[in-house]
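Commentary on secondary and tertiary structure
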Amino acid sequence: MTGTHGTGRPVRWLVTGAGGKLGRDLTAVLGADPRAEVTALRRADLDITDRAAVRAAVPGHDVVVNTAAWTDVDAAERAEDTATEVNGTAVRHLSEACAASNVRLLHVSTDYVFAGDAVTPYPEDAPTAPVNAYGRSKLAGEQAVTSTLPDTGYVVRTAWLYGEHGRDFVKTVLSRTADGTPMSIVTDQHGQPTWSRDLAVLLARLGRAALAGDAPPGIYHGTASGRTTWFGLAREILALARRDPGLVHPTTSAAFPRPAPRPAYSVLAHHRWSACGIAAPPPWQDSLARALRNRPHPREGDSPQDPGASTGSARAARGDG
């Protein structure tokens, strides 16, 4: 699998939402490939809700990767129409523009399209049933891709995202426990902590496979392998940081009510990667260890997200995809 187009020229990538956590990692991963030409557009460069701007931006590229999204889960409950405009209608604009120019589209979605009431990992074709406005808005985006681009559209669901840039649960735990302050973290939500760098590498591989004709279109799951709870993740973070895991105390979701209900079970299966010769994502513990080894010093603008409670709530610190 090469980084060049079938003509031998470099692959021309367009990354939307390039200023976000995943967008920045993806831009870096693609930028390290000398056979790739990357157009990285932040929100200030391209508002994907602007249909005319989208139609002008897409032509001339081979692959579009949409990492732009409304990710404020609780705010979506109060502004579902606006969230759906970004996560649904705007994705249809991208899908239509890609269809008009014969461009592959990779769109990042979320585990929140599921009800969270399963007891075994959700396969890619499991029935969707979002329990909140954010999930409904993201499902609208998925449907836009699969209906408009049945042969050239790809949806990659992710969850529990953390990384070098921006706010996330890992930074919150490290910040809150730096002086020995304990935290109460929920034990009744199950998922797969996913390093944004791993997901960026996966998206780059999928885009190349799509161009080579080696990746069937449709839905893929881009989460780490394995599973844990927010409580288990917090303890692992502290252990890897050589701090006392006993600083983390177990609690339940009922102790931290939020405007938007959260799925209790967000474990996703990874069956479809083998169809395009791409290895499934690595175990979450391995990725977390690599991420923390490579963790830079905190920078301005990368302060941890306030979990919204004095002892900390994993749900509000979550990095939703």
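Residues numbered from 1 in each chain as written. Predicted model: local features only at pLDDT ≥ 70, side-chain atom pairs only at ≥ 80, totals over all residues. Heavy atoms only, no water.

**Things to note about the confidence of the model for the chain**
Using the following cut-off: One number per residue, pLDDT, summarises how confident the predictor is, and it ranges from 0 to 100. Residues are treated as being in contact if the distance between any of their heavy atoms lies within 4.5 Å.
The share of residues in the chain with pLDDT of 70 or more is 90%, and the mean pLDDT across the chain is 91. The low-confidence segment residues 297-321, where pLDDT is below 50, has 70 contacts with residues more than four positions distant or belonging to other chains.

**Some thoughts on the sheet that holds strand β1 (residues 11-16)**
How we decide: Paired strands are those between which DSSP finds at least two bridges. Runs of E in the DSSP output that reach at least two residues are strands. Runs of H or I that reach at least four are helices, and both are numbered from the N terminus. Inter-axis angles, ranging from 0 to 180 degrees, are taken between N-to-C directions of lines fitted to C-alpha atoms, where helices are fitted over the stretch in contact.
As summarised here, the arrangement of the 6 strands in space is β2-β1-β3-β4-β5-β10, forming an open sheet in which the pairing is parallel. The open sheet has two edge strands, β2 (36-41) and β10 (218-221), and neither has a second partner. Each strand axis lies, on average, 20 degrees off the axis of its neighbour in the sheet, ignoring direction. Relative to β2, β1 runs parallel, the two sharing 6 bridges. Within the sheet, the bridge partner assigned to L14 lies in β2 and is T39. Across the sheet, helix α1 (residues 21-31) is in contact with β1, β2, β3 (63-66) and β4 (104-110); its angle to β1 comes to roughly 165 degrees.

**Side note on the environment of D286**
The line we're drawing: Per-residue accessibility, obtained with a 1.4 Å probe over protein chains only, is compared with the maximum for each type, and a residue is labelled buried under 20%, exposed over 50%, and partly exposed between these values.
Mapped onto the elements of the fold, D286 is located in helix α9 (residues 284-293). What makes D286 partly exposed here is its relative accessible area of 43%. Counting along the chain gives 61 residues from D286 to S225, while the straight-line C-alpha distance between them is 9.7 Å.

**Topic: the pattern of salt bridges**
Definition in use: Note on definitions: salt bridges are taken to be side-chain nitrogens of Lys or Arg within 4 Å of carboxyl oxygens of Asp or Glu.
One pass over the full model with this rule turns up 12 salt bridges. R208 is paired through a salt bridge with D33; the nearest N and O atoms lie 3.1 Å apart. Placement of R208 in helix α7 (residues 196-212) and of D33 in the loop between α1 and β2 is noted, with a sequence separation of 175 residues between them. Of the two residues examined, R208 and D33, each falls in the buried class. Residue K171 pairs with D168 through a salt bridge whose shortest N-O separation is 2.9 Å. For the pair K171 and D168, a shared accessibility class is recorded, and that class is buried. Bridged by salt links that share partners, the residues R9, R12 and D62 form one connected network.

**Remarks on the nonpolar core**
Side chains that are nonpolar tend, in soluble globular proteins, to be buried together. Note the cut-off: Residues belong to one nonpolar core when they are buried, are Ala, Val, Leu, Ile, Met, Phe, Trp, Tyr or Cys, and are joined through side-chain atoms within 4.5 Å.
With 30 residues, the main nonpolar core has L203, L206, Y220 and C276 as its most contacted residues. Looking at this core, the elements with two or more residues in it are β1, α1, β3, β4, β5 (153-158) and α7. Top element by residues in this core is α7. It accounts for 9 residues. If near-sequence neighbours (up to four positions away) are discounted, Y220 is found in contact with E124, Y154, V155, V156, R157, L206, A215, R272, W273 and C276. Judged by nonpolar contacts, the second largest core, of 25 residues, contains Y162, V173, M183 and V186.

**Considering helix α5 (residues 133-148)**
To keep things clear, this is the line we draw: By this rule, a helix spans an expected 1.5 Å times one less than how many residues it contains.
Compared with an ideal rise of 1.5 Å per residue, which puts 16 residues at 22 Å, α5 spans 23 Å between its outermost C-alpha atoms and is within 8% of the ideal. Here α5 has its buried residues at A133, Y134, G135, S137, K138, L139, G141, E142, A144 and V145.

**Thoughts on unusual backbone geometry**
In terms of backbone geometry, most residues other than glycine have negative phi values and most peptide bonds are trans. Positioned with a positive phi, W160 is a non-glycine residue whose angle comes to about 50 degrees. Secondary-structure assignment places W160 in the loop between β5 and β6 (161-162). For W160, a relative accessible area of 2% puts it in the buried group. In this model, R242 sits at a positive phi of 60 degrees, which is unusual for a non-glycine residue. Under the relative-accessibility criterion, R242 is labelled exposed at 80%.

**Topic: the pairing of β4**
Put simply, the test is: Assignment of crossover handedness uses the view with strands pointing away from the viewer, where a clockwise path from the first strand over the helix to the second indicates a right-handed crossover.
For β4, a buried count of 7 out of 7 residues is recorded, marking the element as mostly surrounded by other parts of the structure. Of the two faces of β4, the one holding R104, L106, V108 and T110 and the one holding L105, H107 and S109 are both buried throughout. Bridge count between β3 and β4: 4 bridges; the pairing is parallel. If you follow V64 over to β4, its bridge partner there is L105. Here 6 bridges tie β4 to β5, and the two strands are oriented parallel to one another. Following the sheet pairing, L106 is matched in β5 by Y154. For the segment spanning β4, α5 and β5, crossover handedness is right-handed.

**Comments concerning a negative patch on the surface**
Formally: A residue counts toward a patch only above 30% relative accessible area and without a salt bridge, and it is joined to like-charged neighbours within 9 Å or, for Val, Leu, Ile, Met, Phe, Trp and Tyr, to nonpolar neighbours within 5 Å. Using a 1.4 Å probe, accessible areas were evaluated by the Shrake-Rupley method; residue-level cover was limited to the displayed protein chains. For the purpose of charge, His is not counted, nor are the chain termini; Lys and Arg are scored as positive and Asp and Glu as negative. To locate a charge, take atom NZ for lysine, CZ for arginine, CG for aspartate or CD for glutamate.
On the surface, a cluster of negative charge is contributed by D47, D50, D81 and E85. Structurally, E85 can be placed in helix α4 (residues 80-101). Look at E85 and you get partly exposed, because its relative accessible area is 37%.

**Structural notes on the packing of aromatic side chains**
Selection criterion: Only rings of Phe, Tyr and Trp enter the pairing, Trp through its six-membered ring, and a pair is recorded when the two centres are within 6.5 Å. The plane angle decides the type: under 30 degrees is stacked, over 60 is edge-to-face, the rest tilted. Whether a charge sits over a ring comes down to the Lys NZ or Arg CZ being within 6 Å of the ring centre and within 35 degrees of the ring normal.
For the structure shown, the criterion picks out 7 aromatic pairs. With a centroid separation of 4.2 Å and an interplanar angle of 5 degrees, the aromatic rings of F114 and Y122 are classed as stacked. Taken as a pair, F114 and Y122 share a single burial class, namely buried. Arranged with centres 3.7 Å apart and planes meeting at 15 degrees, the rings of W160 and W230 form a pair that is stacked. Pair noted here: W160 is in the loop between β5 and β6 and W230 is in helix α8 (residues 230-240), with a separation of 70 residues, a long-range link. Taking the relative accessible area as the measure of exposure, W230 reaches 1% and is therefore buried. Looking at R272, its charged tip hangs above the ring of Y220, at a distance of 4.5 Å from the centre.

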